Amino acid sequence: MNFNITTENIAEIKSDLEIIIVIDKNLDHRFVQDKKLLKKAGFSGGQDEICHLIEKNRLYAGAETLKGRGIRPAVATAIRSLIGKKAYKNVKIATYLSHPRCTASLRAMVEGIVLGRYSYTTYKSKKVKSSIKKVMISLEGYNEHEVTAEIAARAVHNGEITANATNFTRDIVNAAPDDCYPEVMANSAADMAKETGLKCKILKPKQLKEEKMEALLAVGRASRHKSRVIHLTHKPKNPKAVISLIGKGLTYDSGGLSLKPAEHMVTMKSDKSGGATVVGIMKAVAEMDLPVEVHGFVGAVENMIGGDAYKPDDVLKAKNGTTIEIRNTDAEGRLVLADTLCYAQQEVKADYLFDFATLTGACVVGVGHYTSGVMGNADEPKELVANMATQAGELVTKLDFNRHLKKTIKSEIADVCNISNTRYGGAITAGQFLSEFIDDEHREKWAHIDIAGPAFVEHAWGENPYGASGAGVRTMLRLIEKLARTQEKQDHTPDN
Ligand code: BES
Ligand code: ZN
Ligand code: ZN
């Protein structure tokens, strides 16, 4: 699909369809020519409401605000409604800027289009896809002083890269567990690295053993698919910062011997979302060629049952020497992350360390399906993630650690237990478990993001269709882009 930016008047552009955004239910706006018809159709212009006037070749979409968080899902919903409709190949849309010099809403619009076009058809015999080939964006109404063609082009370019990377993450997560197991996940990361110029190192069981990653290896032991750790590197000259990203890549989580009940096991192919998010971010970082050194680590493992499965009552020794009493084999993500976090810190001394994981059902219970939880020992990295999420149009909320919950993961026989002794506060106790594997040097530089809620969507919402959402990709890219701008003159920071 191609984007064309033009200064041509929107009315003059030839296309199969025009998409018109109605802001804040304002049907009196100059862009809205069909007020009467829209009213007749019962369209009020509310957020994510759409109305397709077929004979007029106009598709109206409601947004509650011009900011990205309004525009992105509105446009995505409109574009999604065209999937399977072959008549619409060329569409046009005007520019909606919340501030004349701030292109955040233009970028959000592009992201919405690319995200809205996404459909996962790999397993369908009849593939129903979006037919849109060309999107013409009119800069009509803005003069060169307000938004230059170059600045607009950059917003479109970065928006495209960001949303394509999100769709790449979605593809990995949506793949069936027997088509995407650790070796496959590692190979697809390696293929992507080759295409984008990233460095890629894959650790197989022999090397994982040499690295003393016994906790990670124990989780994967009963699977016929052997574990991998993936390390992707983007290393520009004179980087502005060094950051490490770590992802939970459980290609399937059956729960292990502490087997999940049938209804909870379905969708557990999505337990690789954290890892897939890291791979997607790395792709975009390479494509944008950001002046930040970024390392992506993924622990790719399958949690299964079998004669040699790890079991409750086992005691495992993690890479940093910490011993872990296993009381539930379904709390496996934290074991995989423990070793992957240790490995990442051994390999790279980073300014920031962020991990992504579908870690706990408790996080979903606590904050709902739409929101991720961000945790850590220090406020600064948590704040940074939460603020960048707001800019990226993702929902992330802070969950604070405390010393009382910390005591609930004590073990009588080992250094720490893999589950808490209370049924409450499970997202936080999992986060506090992870903090046992963060060394002193990185203590205040680390944040953990539990994406268990938004990573997999069972009923479409906002810019997300059924299935994987690519949660975390947009937030982290905004964050890395911000680090890339440090020391440069601060530009107008959009708040959307
Ligand atoms: N992968 C799950 C968490 C999860 C649940 C992700 C729902 C997405 C949706 C994780 O490995 C898990 O099973 N966690 C347990 C922890 C418990 C045994 C302490 C959970 O949340 O129930
Ligand atoms: Zn589990
Ligand atoms: Zn899991």
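What you are looking at is a predicted structure, and each value in this text was computed from that prediction instead of being measured.

> Can you walk me through the coordination of the zinc ion (ligand 2) in this structure?
Tetrahedral coordination by four donors puts the ideal angle at the metal at 109.5 degrees, and octahedral coordination by six puts it at 90 or 180 degrees. For the zinc ion (ligand 2), the full set of protein donor atoms is D253 (OD), D330 (O), D330 (OD) and E332 (OE), at a range of 2.0 to 2.2 Å. One can describe the donor arrangement at the zinc ion (ligand 2) as irregular, given that its six donor atoms subtend angles of 71 to 166° at the metal. We note that the donor set of the zinc ion (ligand 2) lies within a single chain, spaced as D-x76-D-x1-E. By relative accessible area, D330 is classed as partly exposed at 23%.

> What exactly am I supposed to notice about the coordination of the zinc ion (ligand 3) here?
The zinc ion (ligand 3) binds to the protein through K248 (NZ), D253 (OD), D271 (OD) and E332 (OE), with metal-donor distances spanning 1.9 to 2.4 Å. Metal-centred angles of 77 to 174° between the six donor atoms at the zinc ion (ligand 3) mark the site as octahedral. The motif formed by the donor residues of the zinc ion (ligand 3), counted along the single chain, is K-x4-D-x17-D-x60-E. Separating the zinc ion (ligand 3) from the zinc ion (ligand 2) is a distance of 3.2 Å, and D253 supplies a donor atom to each of them. Residue D253 is found in strand β9 (residues 242-253), and its partner D271 is found in the loop between α8 (262-265) and α9 (273-288); the two are separated by 18 residues along the sequence. Of the two residues, D253 and D271, neither departs from the other in class, the shared state being buried.

> I'm lost on the site of ligand 1 in this one. Help?
Taken together, 15 residues lie around ligand 1, and K260, D271, D330, E332 and G361 are the ones closest in. Note that an oxygen atom of ligand 1 is positioned 2.8 Å from one of the side-chain N or O atoms of K260. Surface burial for ligand 1 is 73%, taken as the share of its 520 Å² of free accessible area covered by protein chains. Along the lines of polarity and charge, the residues of the shell around ligand 1 split into four nonpolar, four polar and seven charged.

> Sorry if this is basic, but what is going on with a positive patch on the surface here?
Taken together, the side chains of K86, K89, K126 and K133 present a region of like positive charge at the surface. Looking at the element boundaries, K133 is found in the loop between α3 (104-116) and β6 (134-138). Of the residues examined, K133 reaches a relative accessible area of 48% and is grouped as partly exposed.

> What is the right way to read the packing of helix α4 (residues 149-174) against helix α15 (residues 473-485) from this model?
Each pair of packed helices can be described by the angle between their axes along with the distance between the axes. The N-to-C vectors of α4 and α15 enclose an angle of 140°; their axes lie 9 Å apart at closest approach. Compared by their axis directions, α4 and α15 come out oblique. With respect to the hand of their crossing, α4 and α15 are arranged in right-handed fashion. Of the residues in α15, those touching α4 at N158, T162, A165, T166 and T169 are V473, R474, L477, R478 and E481. Residues that form the contact of α4 with α15 fall into these classes: three nonpolar, four polar and three charged.

> Honestly, the sheet that holds strand β16 (residues 416-417) in this entry has me stumped. Any pointers?
Two pairing modes exist for strands in a sheet, parallel and antiparallel, and in both the strands are linked by backbone hydrogen bonds. The sheet built from three strands is open, its strands ordered β11-β12-β16 with mixed pairing. The open sheet has two edge strands with one neighbour each: β11 (315-317) and β16.

> Sorry, what's going on with the domain arrangement of the protein here?
Often the size quoted for an interface is simply the accessible area lost on bringing the parts together. Per the domain assignment, the segments of the protein are domain 1 (2-164) and domain 2 (180-488). Look at where the C-alpha atoms of domain 1 and domain 2 centre, and you get two points 34 Å apart. Across the boundary between the two partners, domain 1 contributes 13 residues, which contact 16 residues of domain 2. Carbon and sulfur atoms supply 55% of the area that domain 1 and domain 2 bury against each other, a total of about 1,300 Å² over both sides. For domain 1, the biggest contributors to the area lost against domain 2 are R72, R80 and I161; these three give 38% of the whole. Across the contact surface, domain 1 and domain 2 share two salt bridges. Between E111 and R478 there is a salt bridge, and its shortest N-O distance comes to 3.3 Å.

> How do you make sense of the packing of aromatic side chains when you look at a structure like this?
Each pair of aromatic rings is reported with the distance of its centres and the angle of its planes. With the rule as written, the count across this model stands at nine aromatic pairs. Lying across the ring of F31, R30 places its NZ or CZ 4.5 Å from the centre. Positioned above the aromatic ring of F168, the side-chain terminus of K283 is 5.3 Å from the ring centre.

> I keep staring at the nonpolar core and nothing clicks. Help me out?
In summary, soluble globular proteins display a tendency toward joint burial of nonpolar side chains. Grouped together as the largest cluster of nonpolar side chains are 54 residues, with contacts concentrated most on I243, L245, F354, M476 and I480. The dominant element in this core, judged by the number of residues it contributes, is α9, at nine residues. Setting aside anything within four residues of it in sequence, one finds F354 in contact with I243, S244, L245, I246, P381, V385, A447, I449, M476 and L479. If you look at the next biggest cluster of nonpolar residues, it comprises 47 residues, including M213, V229, A318 and L434.

> For this particular structure, what's the right way to read the pattern of salt bridges?
Counted according to the given criterion, the structure contains 22 salt bridges. For D253, the salt bridge goes to K260, with nearest N and O atoms at 3.8 Å. There is no split in this pair, since D253 and K260 are both buried. One salt bridge connects E287 with K283, and the closest N-O pair in it is separated by 2.9 Å. Here the residue E287 and the residue K283 both occupy positions in helix α9, the gap between them amounting to four residues, near one helical turn. By relative accessible area, K283 is classed as buried at 14%. Each of R72, R107, E111, R478 and E481 takes part in a single network of salt bridges with overlapping partners.

> Honestly, unusual backbone geometry in this entry has me stumped. Any pointers?
For residues other than glycine, phi is negative in most cases, and the peptide bonds are mostly trans. Even without being a glycine, K25 presents a positive backbone phi close to 60°. On the secondary structure map, K25 appears in the loop between β2 (17-23) and α1 (35-40). The class for K25 is exposed, based on a relative accessible area of 54%. Not every positive phi belongs to a glycine, and D48 is a case in point at roughly 70°. Tracing the chain through its elements places D48 in the loop between α1 and β3 (50-53). D48 gets classed as partly exposed once you look at its relative accessible area, which sits at 26%.

Criteria and thresholds
Residues numbered from 1 in each chain as written. Chains lettered and ligands numbered in written order. Predicted model: local features only at pLDDT ≥ 70, side-chain atom pairs only at ≥ 80, totals over all residues. Heavy atoms only, no water. Donors = N, O, S within 2.8 Å, 3.2 Å for Na, K, Ca; no water. Tetrahedral: all angles 85-135°; square planar, octahedral: opposite > 155°, others 65-115°. Buried < 20%, exposed > 50% of the residue type's maximum accessible area, 1.4 Å probe, protein only. Helix = DSSP H or I, 4+ residues; strand = E, 2+ residues; numbered from the N terminus. Near = heavy atom within 4 Å. Polar contact = N/O pair within 3.5 Å; in protein donor to acceptor, adjacent residues only side chain to side chain. Areas by Shrake-Rupley, 256 points an atom, 1.4 Å probe, with all protein chains shown as cover. Nonpolar A, V, L, I, M, F, W, Y, C, P; charged D, E, K, R; others polar. Patch = residues over 30% accessible without salt bridge, like charges linked within 9 Å, V, L, I, M, F, W, Y side chains within 5 Å. Salt bridge = Lys/Arg side-chain N within 4 Å of Asp/Glu carboxyl O. Lys, Arg positive; Asp, Glu negative; His and termini not counted. Charge placed at Lys NZ, Arg CZ, Asp CG, Glu CD. Axes fitted to C-alpha atoms, helices over the stretch in contact; angles between N-to-C directions. Parallel < 35°, antiparallel > 145°, perpendicular 65-115°, else oblique. Left-handed = near helix turned anticlockwise from the far one by under 90°. Contact = heavy atoms within 4.5 Å. Pairing = 2+ DSSP bridges. Domains from an automatic or database assignment. Buried area = accessible area lost by both parts, 1.4 Å probe. Phe/Tyr/Trp six-rings, centres within 6.5 Å; stacked < 30°, edge-to-face > 60°. Lys NZ or Arg CZ within 6 Å of the ring centre and 35° of its normal. Core = buried A, V, L, I, M, F, W, Y, C linked by side-chain atoms within 4.5 Å.

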